Each structure stands twice: as C-alpha cells, then as structure tokens.
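Chains, contacts and geometry: an overview
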2 protein chains.
Amino acid sequence: MRRGHFVMADTGWPGCAKSLKGVILDMCGVLYDSGEGDGVAIPGSIEAVRKLKESDLQLRFCTNETQATRERFVAKLQRLGFDISASEVFPPAPATIAVLKERSLRPHLLVHDGLLPEFDGVDKTNPNCVIIGDAAEHFSYQNLNEAFRVLIGLEKPVLFSLGQGKYYKETDGLKLDVGVYMKALEYACDLKAEVIGKPSPTFFQSVLSDMGLQSHEALMIGDDLLNDVGGAQHCGMKGVQVRTGKYRPSDERHPTVKADGTVDNLAQAVELILNQRRH
Amino acid sequence: MRRGHFVMADTGWPGCAKSLKGVILDMCGVLYDSGEGDGVAIPGSIEAVRKLKESDLQLRFCTNETQATRERFVAKLQRLGFDISASEVFPPAPATIAVLKERSLRPHLLVHDGLLPEFDGVDKTNPNCVIIGDAAEHFSYQNLNEAFRVLIGLEKPVLFSLGQGKYYKETDGLKLDVGVYMKALEYACDLKAEVIGKPSPTFFQSVLSDMGLQSHEALMIGDDLLNDVGGAQHCGMKGVQVRTGKYRPSDERHPTVKADGTVDNLAQAVELILNQRRH
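Each value, and the rule that gives it
- Residues numbered from 1 in each chain as written.
- Chains lettered and ligands numbered in written order.
- Predicted model: local features only at pLDDT ≥ 70, side-chain atom pairs only at ≥ 80, totals over all residues.
- Heavy atoms only, no water.
- Salt bridge = Lys/Arg side-chain N within 4 Å of Asp/Glu carboxyl O.
- Helix = DSSP H or I, 4+ residues; strand = E, 2+ residues; numbered from the N terminus.
- Buried < 20%, exposed > 50% of the residue type's maximum accessible area, 1.4 Å probe, protein only.
- 1 Å grid on protein atoms, 1.4 Å probe; cavity = no way out; pocket = protein on both sides within 12 Å on 5 of 7 lines; lining within 4 Å.
- Points joined across faces, edges and corners; volume = space filled by probe spheres on them.
- Nonpolar A, V, L, I, M, F, W, Y, C, P; charged D, E, K, R; others polar.
- pLDDT = per-residue confidence, 0-100.
- Contact = heavy atoms within 4.5 Å.
- Pairing = 2+ DSSP bridges.
- Axes fitted to C-alpha atoms, helices over the stretch in contact; angles between N-to-C directions.

Right, let's talk about the pattern of salt bridges for a bit. All names here are of chain A. A full pass over the atoms with the stated rule returns 38 salt bridges over all chains. Residue Lys 198 pairs with Asp 26 through a salt bridge whose shortest N-O separation is 2.7 Å. Of this pair, Lys 198 sits in the loop between β11 (194–196) and α6 (201–211) while Asp 26 sits in the loop between β1 (22–25) and β2 (32–33), and the two are 172 residues apart along the sequence. Side by side, Lys 198 and Asp 26 carry an identical accessibility label, which is buried. When salt bridges with common partners are traced through the structure, they connect Asp 26, Lys 198 and Asp 228 into a single cluster.

Listed below in structure tokens is the structure:
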C-alpha cells in the first residue's frame, strides 16, 4: 500500500508471480515423459529449469515417483540434460521411512524393484503394515493378493500408498498409477490408506519448510490437476497446470478443482513468471 | 389366524421355514470350496442338496461364478457329486449377454479364459464397453491397463462388473475377487460400474421369476454377508449365512447387515428348515 492511494496486490495468475519467493515443480509430465529407457525431455523444459535456477526464486522438485531410488531417479534426469541435484528432489519413499521409524512399523512392500534399495535398512520381518508404490508390471494378481493377505491378517491393518494418482502418461500411452491399486486394497480390506506424497498436505509442507517459505509465497506447477494443482491449492499455494503429460482438455472443466492458470508447457509458465517479475 | 385367537406368523429364523416356497443357494463356499482341480465339496452339502430336492421346496442356485461357462461349471459340480442341472443355475454371464444385445454394446472382455466361450457369438470388434469377471491371474497390470485404455478412450465409458465381491476362499487361502478390480477401474476412470450378478436386485429377481415366487416366499443361503445375505434381504427375501467359505466371525458384528440366521454349514441350515416344516 502506497501513501495516499491503495494498490491491490495482483493475486491472480500470472500477476502473482511478482510476489513469489519459490517455485515447486512436478517432474514426470512436466520435465519429461517417461517411457523406454530414460524417457524424453519435454521441449523447452531443460532451458526452463536453467532459467528458474538463474532467477532469484527458490526451486524444488516434488514428485510421486516411486520406480527408482532418489539417487537413480536424479541421475536419469541429469542424463536427460537437467541441472538437478538430489537434495532438491522430494519423493515419497524417504518420507515413508521416517514414518515407519516413528511408529515402529515393519512393511510388506509392493513396490517397483527399482525402489527396493531405499528400504534396505528397514526391518521387514513379520510385517505389520503394507506399502504400495507405483509397482507397474509388479501389480500382478499374485502380488496384489499377497499384499491383501498380509492386510486382512492384521488386527489393525495399515496401508501406506506412495501417492494416489490414477494414471500417468508414458511415451506409449496412459498407464495405471498406484492410486488405482490403493482403491482396490481399500475396498478389499474395508480400510482407508494413508497417502504419503502429493496431495498430502504434510508432504507439500515438508517442501515448503525446506525452502523456509510460507505457502502463499510458493507456486506449484504440475500436469496432474488433482494431486499437483488441487493439492497445492489445498495448502494455500497457487497451482498452475501444464498442457503436457497426463493433461486432458476435460481438466479445464473439472467440477471442483480450478487451476490458477493453465499453460501450454513449463517453458511458457516460466516465461510468464519471469516476464512478470521484470515489470 | 385361527378362529378365536390370533396366531402371529413366525417371521424369524428358522420359524419362517414353515411359510417358505423356495430356497436359493449360493454355490462356492456353500456347496464346495474352490481350489486345485474341481475343489472339494463341503461336508454334508451333497446330502443337503439331495434333501432339498426331495422336499416340496423349489430350489435354484445363484452364483457369481465367472471362471467357466455355465455348462462346464455345472459339470464340475456334478463330478463333485451334486445333483444339479444347468437350468437350475443362474450365473452372471448369460444375463450379461442379454444386456449387451438390448443396448447394442460390443464388449472388451477382461474375464477368465474359461468364460470366453459364453461370448463366442458376441460382436467384440471396436468395443464400446468393458466387461470384467473374476479373471484371477488374468488380472495382470497389462490386462487391467488395456481395459482402462478402452474405457478412458470412450466418450461415455460403460463398465460391467460380473459381481462385486471383495474376495473368496480357495483351498489355499483367500483370493481377491472381481469387485476389487471394479473399484480400481471406477477410480481410474471416474465412473460407476454396472454390476450384473449378486447383489443386483435385477439378478435376484430373475431367479424369483423363474420359480414363479414372490420375494417373501424365498430364502437365500450364502457365505457372503453383503452379496448373498444383504442382497437377498434388500429384495425382500430372508438371508441366512453359513460359517463356511469366506465367512469370518466379524461378519456377525457387521454394522449394517444382519443375517436372519447364521448356521455352521448348509447341512445344518437344511436340517433346521426341514425340521421346522415337519412340525
């Protein structure tokens, strides 16, 4: 507010970019499309990350990726050309291990082989909870049945789901995500899973804490309307959706979640943000 | 009502047996436990079916079995020693084929190989709906993903689920049933499946029609509290649960569904019914 007259802060998109202190990026579908091998970078996204890093904005990456350890996942992104280090990336598995320790839980794991090393130091004997991640092909009937039998055999069954996504896009098409199997086990065992990862507020909060920011100072950019955009908004952040990855035109007519902005891709989002901050 | 004083009809279990005209039996978990080969008959059940057939009660079998055609399924029961013929057995697949014809639908099938011959005469080109049955090991990630892609590609996705059971018991333990995968696809595609089979009232009604009975004249006996007992009660029938098959002690403390009676097994149920009718 200046002396003598009122100036309303522009809280809309992209005007809000002026008051931002940090940006959180989703990864798959925003930076790259997964698929055979390392997948492919989405055009303009490598440059967009570089520009954000050169700006005065803080930058973190928040992902529900659970097909690889954080180290291997970040190494893949680096091979694709991204300037990203492991300490900037927040996936669900490390957060889960903290919860297991806190509550003395021993997990039965239904996760991708690539994620197993994250749980190397965790006691998995005589399991008293189940953890499911994006196990993809490992979501066989037999493996799901095995997880079901562990849960149904527990007096107080506890199911952790690393994210609750419905599907994601790989280079050869849409793929079912962990949330679908979470719903399957919830129904089979009459329970409610605990979600670790987006859109859990605890998970977003841990990223904000790491940046030392309050939610209104940060913007989330993702391709998932419910988990990225809706989840961030639920925490008090702005949420912008990109028209890449799993984006579908019907997202822009969703009955309950409305993005603060919708852009063609990350490159356009970053251009709008940085332009706004220059003026 | 006798002259001079009122006699209340006993509508409780097993008193209600006096006024019954027909009995409907669930099959798996009541007559036999499935498993390797043909599975095994539950002790006393072969004799119990014989006694019901010798009585003046009508008898039908109502099953959500979708791992084999009706003919092969009935042949298996006959090999186990049961006096049952195909015309007495009501499974979901024949009912589904009638619906497909009525609504000009061409299905993508995610069902057990054994059920495929039921759909031999059905046009499956360029599918505009998906049918899932108890596909068991065929519920691979790839097959579920394929069904998902068909649904998500349709303007008005239609999913038929042959039953909505959570799990059933085979000789080597509990197995996930089709309902679990129905919930998975419902969540992935934001839709509500149409259930064909128990506990759908339409399905129970078709069995009652075949007997020419009204619902209050019939009793359903099953091991599944929700789909057999609750489904039958919802239609106005009595529902009795057996403590065989997928029965769990917690069923007797269920918050919303209460069986009219609970018996150790089919033999005991039939003994109680026939004794009651003699006096």
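Residue and element names in this part refer to chain B. Computed from the structure, the largest pocket encloses a volume of approximately 710 Å³. What lines the largest pocket is a set of 38 residues, among which Tyr 32, Ser 34, Glu 65, Gln 67 and Asp 134 lie closest to the centre. Elements that contribute at least two residues to the lining of the largest pocket include exactly α2 (70–80), β9 (167–170) and α7 (225–234). For the lining of the largest pocket, the element with the highest residue contribution is α2, accounting for 4 residues. Considered class by class, the residues forming the lining of the largest pocket number 7 nonpolar, 13 polar and 18 charged.

With that settled, the discussion passes to the confidence of the model for chain A. Detailed conclusions should not be drawn from predicted coordinates in areas where pLDDT is low. Per-residue confidence for chain A averages 94 on the pLDDT scale, and 97% of its residues sit at or above 70. Scoring of the predicted complex yields 0.85 for pTM and 0.84 for ipTM.

Before going further, it helps to examine the side chain of His108(B). For His108(B), the location among the structural elements is in strand β6 (residues 107–110). Among residues more than four places away in sequence, those in contact with His108(B) are Pro127(B), Cys129(B), Val130(B), Ile131(B), Glu146(B), Ala147(B) and Val150(B).

Here we come to the sheet that holds β1(A). All names here are of chain A. On the basis of which strands lie adjacent, the open sheet formed by 6 strands has the order β5-β4-β1-β12-β13-β14 and parallel pairing. Since the sheet does not close on itself, it has two edges, and those belong to β5 (89–90) and β14 (261–263), each with one partner. Pairing analysis gives 4 bridges linking β1 to strand β12 (residues 218–222), with the strands arranged parallel. For Ile 24, the partnering residue across the bridge sits in β12 and is Met 220. Across the sheet, helix α1 (residues 45–54) is in contact with β1 and β4 (58–62); its angle to β4 comes to roughly 140 degrees.

Here the focus is the environment of Gly165(A). Here Gly165(A) lies in the loop between β8 (159–162) and β9 (167–170). For Gly165(A), a relative accessible area of 3% corresponds to the buried category. For the pair formed by Gly165(A) and Cys129(A), sequence separation is 36 residues and the distance between their alpha carbons is 21 Å. If near-sequence neighbours (up to four positions away) are discounted, Gly165(A) is found in contact with Asp177(A), Val178(A), Gly179(A), Val180(A), Asn227(A) and Tyr187(B).

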